[in-house]
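Each chain is listed here by its residues.
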Amino acid sequence: MALLALGAGMSTAMAGLWALPLLIAGIAYHRYETLDPESRVIDASNKIKDEYDFIVIGGGSAGAVVANRLSEVPEWKVLLIEAGGDETEISDVPGLAGYLQQSELDWQYQTSPSETSCLAMHNRQCNWPRGKVLGGSSVLNAMLYVRGNRHDYDHWERLGNPGWSYDHVLPYFLKSEDNRNPYLAKTPYHSTGGYLTVQESPWHTPLALTFLQACHELGYDNRDINGEYQTGCMIAQGTIRRGSRCSTAKAFLRPVNLRKNLDVSLKTLVSKIIVDPVTKQTLGVEILQKGKAKRAVQVRKEVVLSAGAIGSPQILMLSGIGPPDHLARFKIPLVQALPGVGENLQDHIGLGGLTFIIDKPFTFTKERFQTVPVALEYILNERGPLSTLGGVEGLAFVNTKYANHSEDFPDVQFHFAPSSVNSDGGEQIRKILGIRDIVYNTMYKPLIGSETWTILPLLLRPKSAGTLRLRSRNPLHHPNIRPNYLSHPEDVFTLIEGIRIAMQISNTTAFRKFGSRPHTIPMPGCKKYAFDTDPYWECALRHFTFTIYHPTGTCKMGPARDQLAVVDHELRVHGVKGLRVMDGSIMPMIVSGNPNAPIIMIGEKGADMVKNAWYHSKEDEDIDELTQIVDSDDNQSVK
């Protein structure tokens, strides 16, 4: 899901009061209806058939792709079930991303209270926004297009997942992509003509170039981080089209909304997957619509579960597929014992609020961008601050001393934004992050009106892993999310080194010419440690634990010998027939970068697996039928 809170400084600084966002959204909607050739998806929730060939659960980053690709086969009847509604006009404007969290488009999950992380947040809980909307978290995220590192996928294959090496998955990244940056589109690592538009924001602050220059001073090249090598920095690429968000709903569903064999049911919750407990054959799904009585929808071929790293394990457990002891606690009949369901929860985290101050008027501030000219520039020219990728302008992949320097496998990612927690005057960022008043008032309120920028140093491959468990057998209740952030000491050590590299960025000639310096008011709860010491940074990490909402791994892909594996390399649930999982939950190890593009790839590759399986099956049936005819003719001849 996509880096909303980091970009919310820009988002809310520009949006300010609701009157301006609503004006922008209204005119943007008119422009969209006038210019965009795709119309909105038709909601079929009132006319769901009793039976389909395929049922896809979840219309998010992967599910939208799967529904599109499976419905390419005209004789297959496909049902896509989405718990949320359609996108709004506000979600279409990249610069208003900060207003989408804690809205009706957001599941509004929270982690369980912790004693070792998220200490600066209310009740020691981190907010976990996830998209409850057609398009899923691709509607809420910062739109950043990052594929991860080639070693991620080669490692997946070495774990016992044939067909998942980098060379195997690259074609599926290319299949989706329509890259509109000429300097990238013609390289072997990018393509044009796919459903998903990828390009840079058409507008940047002067600090974007400064960030690239600073990275270069530290020895990091400006390069395509989705290309041959990842180590380096670049102006961020994102899933935008003509200055507007290009979600997977817009990219993959709207162009095919008139297909007769595809039904999309909105505001429909799947309460369980129906599996025969004896034969282990998937029979269909049980759904709940707008609080009405449950009903069953049957499936002829397969159910594809694409409800995300939180929704997918929750639905499996509600269906009797998961850890036996845990299911017994809630008196859920066991269908298939899979201890790995809800295990292996991984996420990217870093230090939030790492703020630097400059003397030049180059950053996002409420007063500078809450203006009618800014709104008109976006509406009329599809440019300006409202077209930026959730406020993020630059990305970098860097190596701490803990990285393997003999190969291109950086261990920390930087998200650079020309704003910080103070940039909106305290209106929205503190709310969506859930920051306690004492933290905001002590550290960030004194900076209101200042020119500030930030780097989020992000841990790419955490060694800490968490769990997801049911709170009850009620599908409307959120699950218990325990990420176990920073439970492994090496995660702390690596992030501290990442923070030190970020401090070096501020100290480069490129930034010092603007008077850049770190904000040094200490974090409440950490004042007993001297600023810029290892103990201070560890304390700050445990307080302002910043997740950018990349949960993965809770339905791990792996061979049957792996006790925590939930699906095999064809994404089939172990021990259950006619059921696959296709979303970020299948990642055996989290990718080294923002996972939205890899999740889209998983949808593309998974859909091909289904097609190959059923085309092969149909060819066998045709051969068997022809054989029977020939045998019959032969028998008649003998007679």
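That block above? That's the structure.
Please read all numbers here as calculations on a predicted model, not as lab measurements.

A.B. asks: How would you explain the environment of His-488 if you had to name every residue and give the values?
C.D. replies: The topology assignment puts His-488 in the loop between β23 (480-482) and α15 (489-506). For the pair His-488 and Lys-463, spaced 25 residues apart in the sequence, the C-alpha separation amounts to 6.0 Å. Excluding residues within four positions of it along the chain, His-488 makes contact with Lys-463 and Ser-464. In this structure the side chain of His-488 is engaged in a polar contact, spanning 3.1 Å, whose partner is the backbone nitrogen of Glu-490.

A.B. asks: If you had to explain the state of the cysteines to someone new, which residues and values would you point to?
C.D. replies: Tallied over the entire structure, the rule returns 2 disulfides. The disulfide bridge from Cys-118 ends at Cys-126, spanning 2.1 Å between sulfur atoms. In this structure, the disulfide formed by Cys-118 and Cys-126 twists by about -105° around the S-S bond and is classed as left-handed. By the burial criterion, Cys-118 is buried, and Cys-126 matches it. Sequence-ordered numbering of the bonded cysteines in the chain gives a pairing of 1-2, 3-4.

A.B. asks: I'd like a rundown of a nonpolar patch on the surface, residues and numbers included.
C.D. replies: On the surface, a cluster of nonpolar side chains totalling about 290 Å² of accessible area is made up of Val-372, Leu-376 and Leu-380. Examined against the element boundaries, Leu-376 turns out to sit in helix α12 (residues 372-381). In this structure Leu-376 comes out as partly exposed when scored by relative accessible area, which is 41%.

A.B. asks: Report on the environment of Ile-90, specifying residues and quantitative values.
C.D. replies: Within the element layout of this structure, Ile-90 appears in the loop between β2 (78-81) and β3 (109-110). Remark: the alpha-carbon pair of Ile-90 and Leu-100, spanning 10 residues in sequence, is separated by 8.0 Å.

A.B. asks: How would you sum up the pairing of strand β11 (residues 262-265)? Please name residues and give values.
C.D. replies: Side chains Leu-262 and Val-264 project from β11 onto one buried face, and the interleaved Asp-263 and Ser-265 project onto a second face that is buried too. The pairing of β2 with β11 spans 4 bridges and is parallel. Its bridge partner lying in β11, Ile-81 is registered against Ser-265.

A.B. asks: So what's going on with the packing of aromatic side chains? Which residues, and what values?
C.D. replies: Applying the stated criterion to the full structure yields 22 aromatic pairs. With 5.1 Å between their ring centres and 75° between their planes, Tyr-153 and Trp-156 make a pair best called edge-to-face. Taken as a pair, Tyr-153 and Trp-156 lie in helix α4 (residues 150-158) at a separation of 3 residues, close to a single helical turn. With relative accessibility at 0%, the residue Trp-156 sits in the buried group. Chaining the aromatic ring pairs together yields one cluster made of Phe-211, Phe-356, Phe-416, Trp-453 and Phe-511. Its end group placed over the ring of Trp-107, Lys-132 keeps NZ or CZ at 4.6 Å from the ring centre. Geometry around Phe-409 places Arg-461 over its ring, the cationic atom sitting 3.6 Å from the centre.

A.B. asks: With reference to specific residues and values, describe the pattern of salt bridges.
C.D. replies: Scanning the entire structure with this criterion turns up 32 salt bridges. A salt bridge links Lys-175 to Asp-608, with the shortest nitrogen-to-oxygen separation between them at 3.6 Å. Here Lys-175, found in helix α5 (residues 166-176), pairs with Asp-608, found in helix α18 (residues 596-638); they are 433 residues apart in sequence, far enough to count as distant. On the accessibility criterion, Lys-175 (30% relative accessible area) is partly exposed. It is possible to trace a salt-bridge network through shared partners that takes in Arg-69, Glu-72, Lys-175, Glu-604, Asp-608 and Lys-611.

A.B. asks: Describe the packing of α15 against helix α17 (residues 534-543), and please don't skip the residues or the numbers.
C.D. replies: Direction vectors running N to C along α15 and α17 enclose 105°, while the axes themselves pass 10 Å from each other. What the angle tells us is that α15 and α17 run roughly perpendicular. Between α15 and α17, the contacting residues are Val-492, Leu-495, Ile-496, Ile-499, Arg-500 and Met-503 on the first element and Asp-534, Trp-537, Glu-538, Leu-541 and Arg-542 on the second.

A.B. asks: Outline the environment of Ser-420, supporting the account with residue identities and numerical values.
C.D. replies: Within the secondary structure, Ser-420 sits in the loop between β20 (412-417) and α13 (429-433). Sequence separation between Ser-420 and Gly-391 is 29 residues, and the spatial gap between their C-alpha atoms is 9.9 Å.

A.B. asks: Before we move on, could you go through the pairing of β20 and cite the residues and values that matter?
C.D. replies: Within β20, 6 of the 6 residues are buried, leaving the element largely enclosed by the surrounding structure. Taking every second residue as pointing to the same face, both faces of β20 are buried, with Val-412, Phe-414 and Phe-416 on one and Gln-413, His-415 and Ala-417 on the other. Sheet topology places strand β19 (residues 394-398) next to β20; 5 bridges connect them, and they run antiparallel. Residue pairing in the sheet places Phe-397 in a bridge with Gln-413 of β20. Across 6 bridges, the pairing between β20 and strand β21 (residues 451-459) is antiparallel. Counterpart to Phe-416 in the pairing with β21 is Ile-455.

A.B. asks: Describe the side chain of Thr-231, with residues and values.
C.D. replies: Tracing the backbone through its elements, the reader meets Thr-231 in the loop between α7 (206-217) and β7 (232-235). By relative accessible area, which is 14% here, Thr-231 ends up buried. Of the polar contacts made by the side chain of Thr-231, one reaches the side chain of Asp-408; its length is 2.5 Å. Each residue touching Thr-231, except ones within four places of it in the same chain, is listed here: Tyr-220, Arg-223, Phe-397, Asn-399, Asp-408, Phe-409 and Pro-410.

A.B. asks: Could you give me a rundown of α7, with the residues and numbers involved?
C.D. replies: Spanning 12 residues, α7 covers 17 Å between terminal C-alpha atoms, matching the ideal 16 Å at 1.5 Å per step. Buried residues of α7: Leu-207, Ala-208, Thr-210, Phe-211, Leu-212, Ala-214 and Cys-215, and no others. The first or second residue beyond α7 is Gly-219, which carries a positive phi of 95°.

What counts and what doesn't
Residues numbered from 1 in each chain as written. Predicted model: local features only at pLDDT ≥ 70, side-chain atom pairs only at ≥ 80, totals over all residues. Heavy atoms only, no water. Helix = DSSP H or I, 4+ residues; strand = E, 2+ residues; numbered from the N terminus. Contact = heavy atoms within 4.5 Å. Polar contact = N/O pair within 3.5 Å; in protein donor to acceptor, adjacent residues only side chain to side chain. Disulfide = S-S within 2.5 Å. Buried < 20%, exposed > 50% of the residue type's maximum accessible area, 1.4 Å probe, protein only. Patch = residues over 30% accessible without salt bridge, like charges linked within 9 Å, V, L, I, M, F, W, Y side chains within 5 Å. Areas by Shrake-Rupley, 256 points an atom, 1.4 Å probe, with all protein chains shown as cover. Salt bridge = Lys/Arg side-chain N within 4 Å of Asp/Glu carboxyl O. Pairing = 2+ DSSP bridges. Phe/Tyr/Trp six-rings, centres within 6.5 Å; stacked < 30°, edge-to-face > 60°. Lys NZ or Arg CZ within 6 Å of the ring centre and 35° of its normal. Axes fitted to C-alpha atoms, helices over the stretch in contact; angles between N-to-C directions. Parallel < 35°, antiparallel > 145°, perpendicular 65-115°, else oblique. Expected span 1.5 Å × (residues − 1).

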